[in-house]
Amino acid sequence: MIPSVHHTGSEWVVEAYGCDPVRLAAPSSLRALFDAIVNELSLHPVGDALWHQFPSPGGITGLLMLAESHLTVHTFPEHASACVNLFCCTPRAAWDWEARLATLLGAQTVRVRELAREYAHVPAAVEAYR
């Protein structure tokens, strides 16, 4: 019998376009974004978020370390876009990236790629039964 051991995390790589440039340059908007993701996905920060605001017209980069891994955002007000990355080493419910980024950042178009991140080697014999 082949054991069914699940050693996979999920990583979401998200691009949001047509965002409100004012919100992309406002630290309060990005803190609200992080708060929504953390609260709605029941994530566990291990400290405070780190933020760097670039000179205008540049945006903001944010990083939040999580017990589950990390959450980052990079905003580009000059392009009305934002890039978000969330990696969770434990299973999480789906999050409605499109609707939530539309609400929180004014995004008109959102592209979401979810990657299975296998962090433990899966022997070929087990892989054949997946």
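Because the structure is a prediction, the values reported are computed rather than measured.

Calculation rules
- Residues numbered from 1 in each chain as written.
- Predicted model: local features only at pLDDT ≥ 70, side-chain atom pairs only at ≥ 80, totals over all residues.
- Heavy atoms only, no water.
- Helix = DSSP H or I, 4+ residues; strand = E, 2+ residues; numbered from the N terminus.
- Buried < 20%, exposed > 50% of the residue type's maximum accessible area, 1.4 Å probe, protein only.
- Areas by Shrake-Rupley, 256 points an atom, 1.4 Å probe, with all protein chains shown as cover.
- Salt bridge = Lys/Arg side-chain N within 4 Å of Asp/Glu carboxyl O.
- Core = buried A, V, L, I, M, F, W, Y, C linked by side-chain atoms within 4.5 Å.
- Patch = residues over 30% accessible without salt bridge, like charges linked within 9 Å, V, L, I, M, F, W, Y side chains within 5 Å.
- Arc of directions from axis to C-beta.
- Contact = heavy atoms within 4.5 Å.
- Pairing = 2+ DSSP bridges.
- Axes fitted to C-alpha atoms, helices over the stretch in contact; angles between N-to-C directions.
- Polar contact = N/O pair within 3.5 Å; in protein donor to acceptor, adjacent residues only side chain to side chain.
- Phe/Tyr/Trp six-rings, centres within 6.5 Å; stacked < 30°, edge-to-face > 60°.

## Some thoughts on the overall build of the protein chain
Assigned secondary structure in the protein chain consists of four helices and six strands. Put simply, the protein chain runs from its N terminus to its C terminus through helices and strands in the order β-α-α-β-β-β-β-α-β-α. Across the 130 residues in the protein chain, those meeting the buried criterion constitute 38%. On the protein chain, roughly 7300 Å² of surface is accessible, and the fraction owed to carbon and sulfur atoms is 59%.

## Quick look at the pattern of salt bridges
Scanning all chains against the criterion turns up five salt bridges. A salt bridge links Arg113 to Glu15; the shortest N-O distance between them is 2.6 Å. Taken together, the positions of Arg113 in strand 6 (residues 109–118) and Glu15 in strand 1 (residues 8–17) put the pair 98 residues apart, joining distant regions of the chain. Note on Glu15: relative accessible area 11%, which makes it buried.

## Re the nonpolar core
By size, the foremost hydrophobic cluster in this structure holds 29 residues, and its most contacted members are Leu33, Ile37, Leu86, Trp97 and Leu101. Contributions of two or more residues to this core are made by strand 1, helix 2 (27–40), strand 3 (60–65), strand 4 (69–76), strand 5 (81–88) and helix 3 (97–105). When residues in this core are grouped by element, the largest group, six residues, is from helix 2.

## Notes on a nonpolar patch on the surface
Nonpolar side chains collect at one region of the surface, where Val46, Leu50, Leu63 and Met65 lie side by side and expose about 390 Å² of accessible area between them. Along the polypeptide, Leu50 turns up in strand 2 (residues 50–53). Since its relative accessible area comes to 57%, Leu50 is described here as exposed.

## Comments concerning helix 3
The set of residues buried in helix 3 consists of Trp97, Leu101, Leu104 and Leu105. Buried residues along helix 3 cover an arc of 75° about the axis, so they all sit on one side. If you follow the buried residues of helix 3, they end up packed against strand 1, helix 1 (21–24), helix 2, strand 5 and strand 6.

## Remarks on the sheet that holds strand 2
With respect to topology, six strands assemble into an open sheet ordered 2-3-4-5-1-6, the strand pairing being antiparallel. Each end of this open sheet is capped by a strand with a single partner; those strands are strand 2 and strand 6. Each adjacent strand pair in this sheet contributes to an overall mean axis angle of 10°, direction not counted. Packing of helix 3 onto the sheet brings it into contact with strand 1, strand 5 and strand 6, and relative to strand 6 it is tilted by some 130°.

## Topic: the side chain of Ser10
Following the sequence through the fold, Ser10 ends up in strand 1. A polar side-chain atom of Ser10 sits 3.3 Å from a polar atom in the side chain of Glu114. With residues up to four places along the chain from it excluded, the contact list for Ser10 reads Leu86, Phe87, Cys88, Glu114 and Leu115.

## Here we look at the packing of aromatic side chains
For the structure on display, the rule yields two aromatic pairs. Relative to Trp97, the ring of Trp95 lies with its centre 4.7 Å away and its plane at 80°, an arrangement referred to as edge-to-face. Accessibility assignment for this pair places Trp95 and Trp97 in one class, buried.

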